[in-house]
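# Descriptive structure summary
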Amino acid sequence: MSERYESARELYAAAGVDTEAAIERLKKVPVSLHCWQGDDVKGFDQDGPLTGGIQTTGNYPGRARTPDELFADLDEAMKLMPGQKKINVHASYAIFEDGEFADRDALEPKHFRRWVEFAKAHGAGLDFNPTFFSHARVKDGLTLTSPDEETRRFWINHGKACIRIANYFAQETGIPCIMNIWIGDGFKDVPADRMGPRVRYKEAIDEILSEPYDFTMVKPCVESKVFGIGVEAYTAGSAEFALSYAAMNKEKCIPLMDNGHYHPTEMVSDKIPALLAFFPEIALHVTRPVRWDSDHVVLFDDETREIAKEVVRCGGLDGRVKLALDYFDAGINRISAWTVGFRNFQKALLQALLAPHEELKALQDENRMTELMVRQEELKTMPFGDVWNRYCEVCGVPADGAWFGEIERYEREVLSTRC
Ligand code: RNT
Ligand code: ZN
């Protein structure tokens, strides 16, 4: 234990905060690491462009091109991240062996066997996502909302196949699997029918969720969105749609908020307690929108910290809030992107745990708002970095300032050979 940590611990104790308890608490909180930062959301089951209104920008060398490369890169990044992980897998990351292939509507658990092995080797749970984009069967930009019965049927069958795979993940790992439904369906320009696609979407989710699963182990979510690239005028799965669906189907699914999916002055941090007043469980995609849903690497910035604070003080760490990251930057070293974003969210959670929340709430309830402002502001300059470095030490990962050399070595020895 360093002298600096000893001193920080005393200072926090004087402010009513137990740093040891915070460290022990955070170690056990699972955060889901998205596999798709490693290869620019390409996946292994198709070779076309990224569609669905999302975009990766940049062409930094070294993208993972095969399952082996992606697993090696994930391994490398995970060595540098403190805390409990889950691995978040998209259906497009199915791994076909011995020349076999299955289309999205026919995916089976066996196509994800290696993901289960990887997760088990890391003592991690698995989350899952049907992939309703980057595929020839997306018709006119539509999947579950398509007016074409056959197209809709294909994607409903994909969703059902994904429930079976989520079941398999939960059974194999013994850890609940979050299965997130997100579609990019929408229109570039003013539609004539805004309700038809939404009714079809609703009925399609109903059908997908008619596939049997144990809701304590498989947690389907519906993720909303405000707009996508090329789909600026109308998105079927809007905020009101997704929230209403989840509210009306509480016994079988939960809402998911991605903080890139709202108007720029709307804050997901403020929405967390609003939803938790009604939903036993909610899910988050933590990202960084820069002027649009750009999915930049998560920073240790104000809104990330505010999100973490709400999760902590609303009791979200006890399983009520399912935490996942969702960003993809192709313009910088991807292993570093994974690592920085994951570490930053861990930092935000740790800092949120290092506050005397009960005392601060009491100040609010007693209307001592002047004092509350002073206390909250002074917390910001507490010696947080020393507690963070201690947390890294306890988790057996490098402290700040001690891991970038490893990224450079891996880039030199591994990534640079991929051209
Ligand atoms: C898209 C959604 C969605 C995707 C991933 C790849 O805007 O945020 O969650 O980013 O499924
Ligand atoms: Zn998302």
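Residues numbered from 1 in each chain as written. Chains lettered and ligands numbered in written order. Predicted model: local features only at pLDDT ≥ 70, side-chain atom pairs only at ≥ 80, totals over all residues. Heavy atoms only, no water.

### Some words on the coordination of the zinc ion (ligand 2)
Protein ligation of the zinc ion (ligand 2) involves Glu 223 (OE), Asp 258 (OD), His 285 (ND1) and Asp 326 (OD), the donor distances falling in the range 2.1 to 2.2 Å. Geometry at the zinc ion (ligand 2) is octahedral, judged from the six donor atoms that bind it and their angles of 71 to 170° at the metal. Sequence spacing among the residues donating to the zinc ion (ligand 2) works out to E-x34-D-x26-H-x40-D. Of the two residues, Asp 258 sits in strand β8 (residues 254–258) while His 285 sits in strand β9 (residues 282–286), which places them 27 residues apart along the sequence. Given a relative accessible area of 0%, Asp 258 falls into the buried group. (Donors = N, O, S within 2.8 Å, 3.2 Å for Na, K, Ca; no water. Tetrahedral: all angles 85-135°; square planar, octahedral: opposite > 155°, others 65-115°. Helix = DSSP H or I, 4+ residues; strand = E, 2+ residues; numbered from the N terminus. Buried < 20%, exposed > 50% of the residue type's maximum accessible area, 1.4 Å probe, protein only.)

### Quick notes on the site of ligand 1
Ligand 1 sits among Trp 36, Ile 54, His 90, Trp 182, Glu 223, Lys 225, Asp 258, His 261, His 285, Asp 293, Asp 326 and Phe 328. At 2.7 Å, a side-chain N or O of His 90 approaches an oxygen atom of ligand 1. When ligand 1 is considered free in solution it has 310 Å² of accessible area, and contact with the protein chains removes 99% of it. Judged by the proximity of its atoms to the pocket grid, ligand 1 belongs to the largest cavity. Classifying every residue of the shell around ligand 1 gives four nonpolar, three polar and five charged. (Near = heavy atom within 4 Å. Polar contact = N/O pair within 3.5 Å; in protein donor to acceptor, adjacent residues only side chain to side chain. Areas by Shrake-Rupley, 256 points an atom, 1.4 Å probe, with all protein chains shown as cover. 1 Å grid on protein atoms, 1.4 Å probe; cavity = no way out; pocket = protein on both sides within 12 Å on 5 of 7 lines; lining within 4 Å. Sits in = over half its atoms within 2 Å of the grid points. Nonpolar A, V, L, I, M, F, W, Y, C, P; charged D, E, K, R; others polar.)

### With respect to the side chain of Asp 258
No salt bridge is formed by the buried Asp 258, whose closest oppositely charged neighbour, Lys 225, lies at an N-O distance of 7.3 Å. Polar contacts involving the side chain of Asp 258 include one to the main-chain amide nitrogen of Gly 260, which spans 2.7 Å. Residue contacts for Asp 258: discarding those within four places in its chain leaves Glu 223, Val 268, His 285, Thr 287, Asp 293 and Asp 326. (Lys, Arg positive; Asp, Glu negative; His and termini not counted. Salt bridge = Lys/Arg side-chain N within 4 Å of Asp/Glu carboxyl O. Contact = heavy atoms within 4.5 Å.)

### Examining the nonpolar core
In terms of nonpolar packing, the biggest core is built from 128 residues, with Phe 112, Trp 115, Phe 128, Phe 169, Leu 284, Leu 323 and Leu 350 touching the most fellow members. If we skip the residues at most four places from it in the chain, Leu 284 touches Leu 256, Met 257, Val 268, Ile 272, Ile 307, Val 311, Val 321, Lys 322, Leu 323 and Ala 324. (Core = buried A, V, L, I, M, F, W, Y, C linked by side-chain atoms within 4.5 Å.)

### Some thoughts on the pattern of salt bridges
For the structure shown, the criterion picks out 41 salt bridges. The partner of Glu 149 in a salt bridge is Arg 153, and the shortest N-O contact between them spans 3.7 Å. Of this pair, Glu 149 and Arg 153 both sit in helix α5 (residues 149–173), four residues apart, roughly one helical turn. One continuous salt-bridge network, built from bridges that share partners, spans Glu 76, Lys 79, Glu 406, Arg 409 and Glu 413.

### Topic: the pairing of strand β3 (residues 125–129)
The two faces of the sheet receive side chains in turn, since in a regular strand these alternate between them. Among the five residues that make up β3, five are buried, leaving the element largely enclosed by the rest of the structure. Along β3, one buried face is formed by Gly 125, Asp 127 and Asn 129 and the opposite face, lined by Leu 126 and Phe 128, is buried too. Bridge analysis of strand β2 (residues 85–90) against β3 gives five bridges, and the strand direction is parallel. Residue pairing for β3: Ile 87 is matched across the bridge by Leu 126. Regarding topology, helix α4 (residues 113–121) serves as the crossover connection from β2 to the parallel β3, and that connection is right-handed. (Pairing = 2+ DSSP bridges. Right-handed = clockwise from strand over helix to strand, strands pointing away.)

### A closer look at empty space enclosed by the protein
Inspection of the entire model under this criterion finds two cavities of 30 Å³ or more. Empty space within the largest cavity amounts to approximately 180 Å³. Residue lining of the largest cavity: 17 residues in total, with Ile 54, His 90, Trp 182, Glu 223 and Asp 326 positioned closest to the centre. Its residues placed into classes, the lining of the largest cavity shows seven nonpolar, five polar and five charged. In this structure, the second largest cavity encloses a volume near 40 Å³. Taken together, Gly 38, Tyr 60, Pro 61, Gly 62, Asp 73, Asn 333, Arg 334, Ile 335 and Leu 415 make up the full set of residues lining the second largest cavity. Grouping the constituent residues of the lining of the second largest cavity by class yields four nonpolar, three polar and two charged. (Points joined across faces, edges and corners; volume = space filled by probe spheres on them.)

### Remarks on the packing of aromatic side chains
Across all of its chains, the model carries 17 aromatic pairs by this definition. Taken together, the ring pairs in this structure connect Phe 44, Phe 71, Tyr 93, Trp 115 and Phe 118 into an aromatic cluster. The aromatic ring of Phe 279 is capped on one face by Lys 250, whose charged end is 5.7 Å from the ring centroid. The cationic tip of Arg 305 hangs over the ring face of Phe 300; the distance from NZ or CZ to the ring centre is 4.7 Å. (Phe/Tyr/Trp six-rings, centres within 6.5 Å; stacked < 30°, edge-to-face > 60°. Lys NZ or Arg CZ within 6 Å of the ring centre and 35° of its normal.)

### A short note on the environment of Ile 175
Assignment of secondary structure puts Ile 175 in the loop between α5 and β4 (177–181). Taking the relative accessible area as the measure of exposure, Ile 175 reaches 29% and is therefore partly exposed. With residues near it in sequence (within four places) discarded, Ile 175 still touches Lys 86, Ala 124, Gly 125, Ala 170 and Met 217.

### Looking at the side chain of Asp 185
Tracing the backbone through its elements, the reader meets Asp 185 in the loop between β4 and β5 (186–187). Within the local environment of Asp 185, its side chain forms a polar contact with the backbone nitrogen of Thr 143, the two atoms lying 2.6 Å apart. For Asp 185, the residues in contact, after removing those within four places along its chain, are Gly 141, Leu 142, Thr 143, Leu 144, Thr 145, Ser 146, Val 231, Tyr 234, Thr 235 and Ala 236.

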